[in-house]
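Structural overview for review
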Amino acid sequence: MSLFTRAALRAGFAVSAVTALLGLGATAAHADDNYVKYYTVTSSHNGSKENLAEIADRFLGDSARSSEVFNLNSGRPQPDGGVLVDPGRLNAGWMVILPWDAVGGGVQYGVLPDKSPNTAVTPGGAPKATPSPTKGGSPAGNAGNPPAKPAAGGSKGAKPKPGKAGQCATAAASSGTSNWAELRLAADQAWPQSRGDGQLVAIVDSGVEGSLAQLTGHVAVGSDIVSGSGRGDTDCLGTGTAMAGLIVAKGGSGGGPAGIAPDATVMPVRIAETSTKTQATDAAAGITAAVGAGATIIALGSYVDINDKGVADAIAAANKKDVVVVVGAASGTAAANPDATLGKGVVRVGGIGVDGQAADDYRKGGVDVVAPGINVTSLGITGTGSLTGSGTHYAVAFVAGAAALVRSAYPELTAQQVVHRLEATAGKMGNGAVPDGSFGWGLINPAQSVTKVLPEEAVPAESDSQALNRITSDPGAGRSTLLIVVTLVALAAAVLLVFRIRKLLRGEAPAEPATTEPPAGDDTPPPATRPPAVKPAANPPVTRDTTPLTPGVKPGPKVTVPAAPAAAETPASTPEAPPNPKASVGAKSAQPSE
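Procedures and definitions
Within every chain, residues take consecutive numbers counted from 1 along the sequence as written. Confidence filtering applies because this is a predicted model: local features only for residues at pLDDT of at least 70, side-chain atom pairs given and counted only at 80 or more, and all residues used for totals across whole chains, interfaces and linings. Hydrogens and water are ignored here; the side-chain numbers use all heavy atoms of the structure. Strands here mean DSSP runs of E at least two residues long; helices mean DSSP runs of H or I at least four residues long; both are numbered from the N terminus. For the exposure calls, accessible area comes from a 1.4 Å probe over protein chains only, and a residue counts as buried if that area is under 20% of its type's maximum, exposed if over 50%, partly exposed in between. Residue exposure ignores everything except the shown protein chains as possible cover, and the areas themselves are Shrake-Rupley values with a 1.4 Å probe. Two strands make a pair as long as DSSP finds a minimum of two bridges between them. The criterion used for residue contact is that any of the two residues' heavy atoms lie within 4.5 Å. Axis definition: a line fitted to C-alpha atoms, limited for helices to the stretch in contact. Angles are taken between N-to-C directions and run from 0 to 180 degrees. Scored between 0 and 100, pLDDT is the confidence that the predictor attaches to each residue. By the definition used in this description, the sense in which the near helix is turned from the far one sets the handedness, with an anticlockwise turn below a right angle giving left-handed and a clockwise turn giving right-handed. Three categories are distinguished: nonpolar for Ala, Val, Leu, Ile, Met, Phe, Trp, Tyr, Cys and Pro, charged for Asp, Glu, Lys and Arg, and polar for the others, with Gly belonging to the last. Take a side-chain nitrogen of Lys or Arg and a carboxyl oxygen of Asp or Glu: if they are within 4 Å of each other, that pair is a salt bridge. Orientation is classified from the angle alone, with under 35 degrees giving roughly parallel, over 145 giving roughly antiparallel, 65 to 115 giving roughly perpendicular, and any other angle giving oblique.

What to know about the overall build of the protein chain
Counting secondary structure elements, the protein chain contains 13 helices and 14 strands. Buried positions account for 40% of the 594 residues belonging to the protein chain. As displayed, the protein chain has an accessible area near 32400 Å², and 58% of this comes from carbon and sulfur atoms.

The structure is reproduced here in structure tokens:
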């Protein structure tokens, strides 16, 4: 190879290297313009320096997912010029991009700023939904080890795709899926009895991505309380979409498991857009809007503060309209507000993991039922496929779906009775006593909730006295019953009167009363009755004996004398003539003597 050729090749390689470096820099700058979830590292947390394992444990519920966080941030320049190369070494002020299912105080959403904040970020500003770690996660002490490879199905180093102005960005899919919640609840065993048909479940959270194929036909337009645009079927944070997927999603490849009530409809009520910070007034207005739209069940996400009096009043108003309200159980660290009391039509839900570990430090005695809330797979936003995450809002979605099954199977039940059925059919947890201080009545059982017979729901037969009391105690019912009776009596009298008049017009004599025989031992003669008139057909000739009777001589032949003409009327009864004494004597003398 000539010297000139070698020089040309070297120049070409140099140009290519410079172009690649410029392209990578442009790509990184362009990626930083996308909307992402991120966390700004502080100088310390709970007295120790922060690392990726601890951050993943706090916001994702599993320290093993630190490898996923590492892949999202490896090689990306930080505000101080440093680069992440060791998951155990983080500098204060670094901004760590998080997966889209990260939840907790300090998690922010938006475009990564050019500079880190001057002051250390203090977690807060959002309702606490910090999940507890699951068993099997890597301990924080192992944070110095090299990161493990992402689980199958994850998008290694995936970053959000840019979205158009005014629209949400496309998120990266999380690594791995988990189906333990689907297997544990076994909602398909309830579907022969109920699939949630006819139920409208309002989700007060970040909205719902209604364009997803798995949700087609089961997402209403909803309402956007923050912007007032009137539509809630869009989602930038993803929590509302994940809740909707657990309730009504169609099962299939790439879309996560099927929802617990696949024939129900969800109504998204958007109170959070691109920030997890929300206003209590928006939450209360969202609850009121859901009731006005005809929701039968309302599921409140993690952005709703149920300790606010205005929110509690809105929940109480929903209960009066016979709406079931499902809320996340309050954290034990949150101060209770005595003015924010919840009624009997509200069910407080706690989240648990596959091993029964609680997803949060819930207030003792503040949980009614529990449902899966750690490592739960559901739908992601804007074409991300399935996402696996942790948080109490997942458990709230499961219980809201179970309530839809019950209301569809038993439409006559009140909101309070629906809550009671969910509690009475739950599987016991803890020490076996119900309600348990940590798990309430236990893990919900969708199949039992629609098939089990509860004696307390049987309607007792109403006695005559109870019916009379009910009629008399209700003035309206008493007047209606009296009016019906009077109408029937008047109708019967009218029919008898018409029948009587028709008989009189025809000239029919009234029937004679039937005669009765006098009782035995009664000497009183019966009343005389007039026999019917009998008209003889003809008067027969009368035969008379005119021969004088002589003692010892037989009488001569009889002479027939014609009878007199019949009278116009024959008396009803003719007395017999007294016997002729002469004839009697003659008759005796005519007999032969002995």
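Digging into the sheet that holds strand E6 (residues 265–270)
Read from one edge of the open sheet, 7 strands run E5-E6-E4-E7-E8-E9-E10, paired in parallel fashion. The sheet is open, and its two edges are formed by strand E5 (223–224) and strand E10 (369–372), each paired on a single side. The sheet contact formed by strand E8 (residues 324–328) and strand E9 (residues 346–352) spans 4 bridges and is parallel. Within E9, the residue paired with Val327 across the bridge is Arg348. Helix H5 (residues 239–248) rests against strand E4 (200–205), E6 and strand E7 (297–300) of the sheet, and its axis sits at about 160 degrees to E4.

Quick notes on the confidence of the model for the protein chain
Overall, the predicted model of the protein chain reaches an average pLDDT of 75, with 64% of residues at or above 70. In the model, residues 13–33 has pLDDT below 50 throughout and makes 6 contacts with residues more than four positions away in sequence or in other chains. Segment residues 169–173 is flagged for pLDDT under 50; beyond a separation of four residues in sequence, or across chains, it makes 23 contacts in the model.

Quick look at the packing of H5 against helix H8 (residues 392–409)
Two numbers describe how H5 lies on H8: the axes approach to 8 Å, and their chain directions differ by 35 degrees. The interaxial crossing formed by H5 with H8 has right-handed handedness. Counting all contacts with H5, which are made through Thr239, Ala242, Met243, Leu246 and Ile247, the residues of H8 involved are His393, Tyr394, Val396, Ala397, Phe398, Ala400 and Gly401. In terms of residue class, the contact of H5 with H8 is made up of 9 nonpolar, 3 polar and no charged.

Focus on the pattern of salt bridges
A side chain of one charge can pair with a side chain of the opposite charge when the charged atoms of the two come close. Tallied over the full model, the rule gives 11 salt bridges. Arg65 is the salt-bridge partner of Glu68, the closest N and O atoms lying 3.2 Å from each other. Arg65 matches Glu68 in its accessibility class, with the two residues each being buried. As a salt-bridge pair, Lys309 and Asp313 come within 2.9 Å of each other at their nearest N and O atoms. With Lys309 and Asp313 both in helix H7 (residues 309–320) and 4 residues apart, the pair spans about one turn of that helix. Taking relative accessible area as the criterion, Asp313 reaches 39% and is therefore assigned partly exposed.

A look at unusual backbone geometry
Here the bond from Val434 into Pro435 is cis, since omega is -5 degrees, no more than 30 degrees from zero. Here Pro435 lies in the loop between helix H9 (415–424) and helix H10 (446–451). Positive phi, close to 55 degrees, is recorded for Asn46, a residue that is not glycine. Among the structural elements, Asn46 can be located in the loop between strand E1 (35–40) and helix H2 (52–60). The class of Asn46 is exposed, set by a relative accessible area of 73%. Phi is positive for Asp322, which is not a glycine, with a value near 65 degrees. Counting through the fold element by element, Asp322 comes out in the loop between H7 and E8. Among the residues examined, Asp322 registers a relative accessible area of 30% and is labelled partly exposed.

Considerations on the side chain of Ser390
Considering the arrangement of structural elements, one finds Ser390 in the loop between strand E12 (386–389) and H8. A relative accessible area of 2% places Ser390 in the buried class.

Overview of the packing of H2 against helix H3 (residues 66–73)
Closest axis-to-axis distance for the H2/H3 pair is 8 Å, and the angle between their directions is 110 degrees. Regarding the angle of H2 to H3, the classification is roughly perpendicular. Read as a crossing pair, H2 and H3 show a hand that is right-handed. Together, Leu52, Ala53, Ala56 and Leu60 of H2 and Ser66, Val69 and Phe70 of H3 make up the contact between the two elements. Partitioning the contact of H2 with H3 into residue classes produces 6 nonpolar, 1 polar and no charged.

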